[in-house]
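Letter by letter, the chains look like this.
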Amino acid sequence: MAVARFSFLSNLSSLVPISSQSQSSPSPKFSTGKICCRKTEAVIENGDGSISRRDVLKCLGATISIVSSGSFIETAVAADLIQLRQRSDFLSKVKSSLYTNIKANPELIPSLLTLALNDAMTYDKATKSGGPNGSIRFSAELSRPENEGLSAALNFLEETKKEIDAYSKGGPISYADLIQYAAQSAVKNTFLSAATRKAGGNEEKGNLLYTAYGSAGQWGLFDKTLGRSDTQEVDPEGRVPQWQKASVQEMKDKFIAVGFGPRQLAVMSAFLGPDQLATETLLASDPEVSPWVEKYQRSRESVSQTNYEVDLITTLTKLSCLGQKINYEAYSYPIKKVDFSKLKL
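Please read these numbers as outputs of a predicted model, since none were measured by experiment.

Draft legend 1. Focus on the overall build of the chain. When you go through the chain residue by residue, the secondary structure sums to 13 helices and 3 strands. Taken over 345 residues, the chain has a buried fraction of 45%. Excluding contacts between residues fewer than 6 apart, the proportion of contacts in the chain whose partners are at least 24 apart in sequence is 77%. Accessible surface for the chain amounts to roughly 18,900 Å². Of this, 54% is attributable to carbon and sulfur atoms.

Draft legend 2. Representation of the packing of aromatic side chains in the model. A full pass over the atoms with the stated rule returns 9 aromatic pairs. When the ring of phenylalanine 255 is compared with that of phenylalanine 260, the centres are 6.0 Å apart and the planes differ by 45°; the resulting orientation is tilted. In terms of burial, phenylalanine 255 and phenylalanine 260 fall into one category: buried. Taken together, the aromatic side chains of Phe191, Tyr210, Trp292, Tyr296 and Tyr308 make up a single cluster linked through ring pairs.

Draft legend 3. Seen up close, the packing of helix 11 (residues 276-283) against helix 12 (residues 290-301). It is at 9 Å that the axes of helix 11 and helix 12 come closest, and there the two elements cross at 145°. From helix 11, Gln276, Leu277, Glu280 and Leu283 reach across to helix 12, where they touch Ser290, Val293, Gln297 and Arg300.

Draft legend 4. Expanded view of the nonpolar core. Counting residues in each nonpolar core, the largest one holds 66 residues, and the members touching the most others are Leu157, Phe271 and Leu319. Among the elements that line this core, the one with the most residues is helix 6 (residues 175-198), at 10 residues.

Draft legend 5. Seen up close, the environment of threonine 114. By the element assignment, threonine 114 lies in helix 3 (residues 109-120). Sequence separation between threonine 114 and methionine 268 is 154 residues, and the spatial gap between their C-alpha atoms is 9.9 Å. Those residues in contact with threonine 114 that lie beyond four places of it in its chain are Leu150, Trp243, Phe271 and Gly273.

Draft legend 6. Up close: helix 9 (residues 248-257). Within the sequence span of helix 9, burial applies to Val248, Met251, Lys252, Lys254 and Phe255. Buried residues along helix 9 cover an arc of 165° about the axis, so they all sit on one side. Positioned one or two residues after helix 9, glycine 259 has a phi angle of 105°, which is positive.

Draft legend 7. The packing of helix 6 against helix 13 (residues 306-319), seen in detail. Remark: helix 6 packs on helix 13, axes separated minimally by 12 Å, with the N-to-C direction vectors making an angle of 175°. The pairing of helix 6 with helix 13 is recorded here as roughly antiparallel in orientation. In contact with Gln180, Ala183, Gln184, Val187 and Phe191 of helix 6, helix 13 contributes Tyr308, Glu309, Leu312, Ile313 and Leu316. For the contact of helix 6 with helix 13, the class distribution of residues is 7 nonpolar, 2 polar and 1 charged.

Draft legend 8. Here's a closer look at unusual backbone geometry. At lysine 128, a position not held by glycine, the phi torsion is positive, near 55°. Turning to its location among the elements, lysine 128 is positioned in the loop between helix 3 and helix 4 (139-142). Its identity is not glycine, yet tyrosine 331 carries a phi of approximately 70°, on the positive side.

Draft legend 9. Region of the structure containing the pattern of salt bridges. Counting across every chain of the model gives 10 salt bridges. Aspartate 177 is the partner of arginine 228 in a salt bridge, and the nearest nitrogen-oxygen pair spans 2.7 Å. With arginine 228 in the loop between helix 8 (220-223) and helix 9 and aspartate 177 in helix 6, this pair connects stretches of sequence that are 51 residues apart. Per residue, the accessibility class of arginine 228 equals that of aspartate 177, and both read buried. The salt bridge involving arginine 263 is made with aspartate 311; its shortest N-O contact spans 2.9 Å. Linking arginine 263 in helix 10 (residues 262-267) with aspartate 311 in helix 13, this pair joins segments that are 48 residues apart in sequence. Members of the salt-bridge network, linked through shared partners, are Lys252, Asp286 and Glu288.

Draft legend 10. Molecular detail of the confidence of the model for the chain. For the chain, the average pLDDT comes to 84, and 75% of its residues sit at 70 or higher. pLDDT under 50 marks residues 1-51. Its contacts with residues more than four places away, or in other chains, come to 81 contacts. Every residue in residues 56-68 is under pLDDT 50, and counting partners more than four places away or in other chains gives 29 contacts.

Analysis parameters
- Residues numbered from 1 in each chain as written.
- Predicted model: local features only at pLDDT ≥ 70, side-chain atom pairs only at ≥ 80, totals over all residues.
- Heavy atoms only, no water.
- Helix = DSSP H or I, 4+ residues; strand = E, 2+ residues; numbered from the N terminus.
- Buried < 20%, exposed > 50% of the residue type's maximum accessible area, 1.4 Å probe, protein only.
- Contact = heavy atoms within 4.5 Å.
- Areas by Shrake-Rupley, 256 points an atom, 1.4 Å probe, with all protein chains shown as cover.
- Phe/Tyr/Trp six-rings, centres within 6.5 Å; stacked < 30°, edge-to-face > 60°.
- Axes fitted to C-alpha atoms, helices over the stretch in contact; angles between N-to-C directions.
- Core = buried A, V, L, I, M, F, W, Y, C linked by side-chain atoms within 4.5 Å.
- Arc of directions from axis to C-beta.
- Parallel < 35°, antiparallel > 145°, perpendicular 65-115°, else oblique.
- Nonpolar A, V, L, I, M, F, W, Y, C, P; charged D, E, K, R; others polar.
- Salt bridge = Lys/Arg side-chain N within 4 Å of Asp/Glu carboxyl O.
- pLDDT = per-residue confidence, 0-100.

This is how it looks when you write it as structure tokens:
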């Protein structure tokens, strides 16, 4: 029997007794101590001998004995908050690096969008395999016909990855995360560029226009997807069409296969080739897709582009998670303890 001690744990409300008595009843009393998780099987430890919080949450068959409450819960909440802050700070820096570098290389935006799409579109619902797992980084996959012309985008991300990894305290960023967050930054660049054009070319006014009327506040769910893992092998061939050579029906079939439809196909037109308008002209030839193409074109002509931007963000968020298990502890790191006995006062 192994006994593990943990310094943090999330969602502890179920561990605290709930009193059904009136408000005048005394609060439950707790003794001080520590919490232990005793399992009938061996506890799986990390390489450094510690046990992750995820292992704790999986201890469904474990006997939980509580010997503490207040101070322990405070420690747990503090640990969670520190971890959330670490991930938030890291993501802010990642997005800043990507946005700045993409803004300086706008010609790569179409390729970056297609790179993210093709990495995700290897997803197969039947086998639950593939998806946005970074497999497109391998030359054997990148050299496939559907990925022709995407090597420059990947090379660009390789350089950006070096920059990000240099300041990351929680390990290198995965290609899976990098590719999808690059798509996010590329999309934001297009949104801001459109707002700037509508502001007469004034970038400052364009930023104000986007902030006031645009979709800046709609990225919250996408930002919570940080923590994709890289696969170590290429995804199977034949899962991704050659978008510029495919018929509308072939494109519809592929989108349906991963859980989308004509609406999502229309809103993702910028991801299907370097010329969005040419792609939309082709898509508009299909009676199921045409109404959505027209809707999004009208939306892009409006001041806020609300319908287009919100639907695109929603679709990209779902696309970027196909078949992936998000590690919500990724890029966090241990805090160094201060030995106050060594401080000179």
